[in-house]
Amino acid sequence: MLKIKCPFCGVRDESEFSCGGEAHIARPTTDLKLTDKIFSEYLFMKYNPKGVFLERWCHTSGCRRWFNLARDTVSHEIIEIYPMGVFPKTVKGKKAYQANWRRKSKYEAVSKPAKRTKK
Amino acid sequence: MAKLNIDRGTRAFTRKSKRYSIFSIAKNAASYHQKWQQAWRHAEPKSTYDAVIIGGGGHGLATAYYLANIHGITNIAVIEKGWLGGGNTGRNTTIIRSNYMWDESAAIYEHALKLWEGLSQDLNFNVMFSQRGVLTISHSEHELKGMSRRVHAIRLNGIDSDILSPSEIKKLVPTINIDPNIRYPVMGGFIQKRAGTARHDAVAWGYARAADELGVDIIQNCEVTGLRRNGNQITGIQTTKGFVKTSKVGCVVAGHSSIIADMANIRLPITSRPLQAIVSEPIKPILDTVIMSNAVHMYISQSDKGEMVLGAGVDKYNSYAQTGSWTIPEHMVAAAIDLFPFLSQLRMLRQWGGIVDTCPDASPIISKTDVKGLYFNCGWGTGGFKATPGSGHVFADLIANDRPNPIALPFGLKRFETGYLIDEHGAAGVAH
């Protein structure tokens, strides 16, 4: 059982949350110009690392707000919790962001990166 | 639905001296069972193979066995990073069935079930395949209607499937409560009588022994660390026991598929999740059918040892730790008690998790890739055990002939580009 510190409500049991899967997937803005193969990378292909993974969680049974979380998929250690729309700050989090194959994918090159918001 | 004549192969166990039989038992009893031959050799990797299978679970060993037995390719190795059947093959709830709604799934799971039906004879190893029936219960009028649609679709494909009334269910499963005034009333159900269970370890051991007999090298405690290629052609694999030269690599590593795919710079639509199961202390026989329920979301059967075996859905987040969250077993036990209140008296003995490779459409991937000589068999998700013989059979055909046969064809990676998905999420007969 994970103990997750909701940025809005504090530490709660995992059962109050739902996991929304991989974070920072940018939607291609020029869909019609992409080939089916490249669009399927956006739509179906997954980054599925054994190690640090950046994912979205929602405090479904609490404040119902979304946030990002960097977690190790082997030890389940939670490395960092950070708001939606921003990028991880820890060394491990940054490394995990760069390690994702999407950073080199053709579709991401034609996607607008998620905007940094001031917090 | 695509159908193939089932070629069971003719090359295995031609030497009588190696066969298990009543005479071999008698002979070995006379020597106090001290002289049984080794079931398979402890092989070390050779420098070159015609094909290498990564992953020594049921699917990988079956692939090697059928490659050797049907296609005559015997210079092959199965590379396993742990021990045989130590992954999902030894971690599932052993349920076997072929009552899938879509034609593509029906074809492959029925192909597997037909192979299961003769598997103990084929392998000369008792896999304890027991066709005790799998009964899916419905708890509402609407679920029952959806179920009857599924039953008819399944029957049109020539697969046995029957709707049962509550009284027929009571006759089959005397421990069930069919009172209409309970929280989850039993409104009816559907059964596949040819479905059942098998001894999962025996499946791995049986395939390993039969493959070894045909000359396949089974290499345990050997992890693949890299793939080598020349241009777009696979030339070999790097392992913890050195480099192995080969031009064909079949990858059957379930939850770790994405790791191997990364080595070849290939993308897969796979997420790795824990799927948990629990067994209770052994009790006297009370349940000789497998019971599933979508509404309370669990499945239960009784093993030959008498333990109640329970399973449910996958954990909600990605993980490579073979354990899982406590919320799942808690839910699983609560659901089981809803169906069978007497289970609340039982103590649970063991809980475990396996890392399953879930796919967006809940159907497997049996496919060539953009890299020549690299084949993937993955994405079986929560239901791979039942397909073991069929999966190995069609995957061996794909590797040997470098083209998918009609049963494997719909399961190519191309479907994620064309959109021809085989969406079994709601159609499979049990929730995922």
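Because the structure is predicted, anything quoted here is derived from the model rather than measured. (Residues numbered from 1 in each chain as written. Chains lettered and ligands numbered in written order. Predicted model: local features only at pLDDT ≥ 70, side-chain atom pairs only at ≥ 80, totals over all residues. Heavy atoms only, no water.)

Draft legend 1. Structural detail: the overall build of chain B. Looking only at helices and strands, chain B features 11 helices and 19 strands. Computed over its C-alpha atoms, the radius of gyration of chain B comes to 22 Å, within 12% of the 22 Å expected for a compact globule of 432 residues. Here the C-alpha coordinates of chain B stretch approximately 70 × 60 × 40 Å along the principal axes. Counting all 432 residues of chain B, 59% fall into the buried class. Within chain B, contacts between residues separated by at least 24 positions form 77% of all contacts whose residues are at least 6 apart in sequence. Only carbon and sulfur atoms are counted for the fraction: they give 53% of the accessible area of chain B, which is about 17100 Å². (Helix = DSSP H or I, 4+ residues; strand = E, 2+ residues; numbered from the N terminus. Rg over C-alpha atoms; globule rule 2.2 N^0.38 Å. Buried < 20%, exposed > 50% of the residue type's maximum accessible area, 1.4 Å probe, protein only. Contact = heavy atoms within 4.5 Å. Areas by Shrake-Rupley, 256 points an atom, 1.4 Å probe, with all protein chains shown as cover.)

Draft legend 2. Representation of the sheet that holds strand E11 (residues 242-245) of chain B in the model. Residues and elements named next belong to chain B. Within the open sheet, the 3 strands sit side by side as E9-E10-E11. Their pairing is antiparallel. The open sheet is flanked by strand E9 (224-230) and E11, the only strands paired with a single partner. Neighbour to neighbour, the strand axes of the sheet diverge by 25 degrees on average, direction disregarded. Sheet topology places strand E10 (residues 233-239) next to E11; 4 bridges connect them, and they run antiparallel. Counterpart to Gly-236 in the pairing with E11 is Lys-245. (Pairing = 2+ DSSP bridges. Axes fitted to C-alpha atoms, helices over the stretch in contact; angles between N-to-C directions.)

Draft legend 3. Summary view of the domain arrangement of chain B. All names here are of chain B. For chain B, the assigned domains read domain 1 (43-127 + 199-269 + 362-418) and domain 2 (134-193 + 271-358). For domain 1 versus domain 2, the distance between C-alpha centres works out to 28 Å. At the interface, 28 residues of domain 1 touch 30 residues of domain 2. Contact between domain 1 and domain 2 buries roughly 2300 Å² in total, counting both sides, with carbon and sulfur atoms accounting for 57%. (Domains from an automatic or database assignment. Buried area = accessible area lost by both parts, 1.4 Å probe.)

Draft legend 4. Seen up close, the nonpolar core. All names here are of chain B. Counting 56 residues, the largest nonpolar core has Tyr-65, Tyr-66, Trp-116, Tyr-207 and Ile-366 as the members making the most contacts within it. Mapped onto this core, the elements with two or more residues apiece are strand E1 (51-54), helix H2 (58-69), strand E2 (76-79), helix H3 (103-116), helix H4 (119-123), helix H7 (200-213) and helix H10 (388-401). By size, the runner-up hydrophobic cluster in this structure holds 35 residues, among which are Ile-54, Ala-77, Ile-234 and Phe-376. (Core = buried A, V, L, I, M, F, W, Y, C linked by side-chain atoms within 4.5 Å.)

Draft legend 5. Summary view of the environment of Tyr-20 of chain B. Residues and elements named next belong to chain B. In this structure, Tyr-20 sits in the segment before helix H1 (22-30). With relative accessibility at 23%, the residue Tyr-20 sits in the partly exposed group. Along the chain, Tyr-20 and Asn-126 lie 106 residues apart, while their C-alpha atoms are 9.7 Å from each other. With residues near it in sequence (within four places) discarded, Tyr-20 still touches Trp-36, Gln-37, Ala-39, Asn-124, Phe-125 and Arg-209. Within the structure, the side chain of Tyr-20 is placed 3.4 Å from the side chain of Arg-209, a separation counted as a polar contact. (Polar contact = N/O pair within 3.5 Å; in protein donor to acceptor, adjacent residues only side chain to side chain.)

Draft legend 6. Up close: the confidence of the model for chain B. All names here are of chain B. Looking at chain B, the pLDDT average stands at 93 and 98% of residues meet or exceed 70. Mean pLDDT across the secondary structure elements of chain B bottoms out at helix H9 (residues 327-339), with 89, and peaks at E1, with 98. The complex model carries a pTM of 0.94, and its ipTM stands at 0.91. (pLDDT = per-residue confidence, 0-100.)

Draft legend 7. Quick peek at the packing of aromatic side chains. Enumeration over the complete set of coordinates arrives at 17 aromatic pairs over all chains. Taking 5.9 Å as the distance between ring centres and 65 degrees as the angle between the ring planes, the aromatic pair formed by Phe-340 of chain B and Phe-342 of chain B counts as edge-to-face. Classification of Phe-340 of chain B by relative accessible area gives buried; the value is 1%. Classification of Phe-342 of chain B as partly exposed rests on a relative accessible area of 31%. An aromatic cluster of three or more residues is present, and its members are Phe-39, Tyr-42 and Tyr-107 of chain A. Above the face of the Phe-8 of chain A ring, Arg-65 of chain A is positioned so that its terminal group lies 3.8 Å from the ring centre. (Phe/Tyr/Trp six-rings, centres within 6.5 Å; stacked < 30°, edge-to-face > 60°. Lys NZ or Arg CZ within 6 Å of the ring centre and 35° of its normal.)

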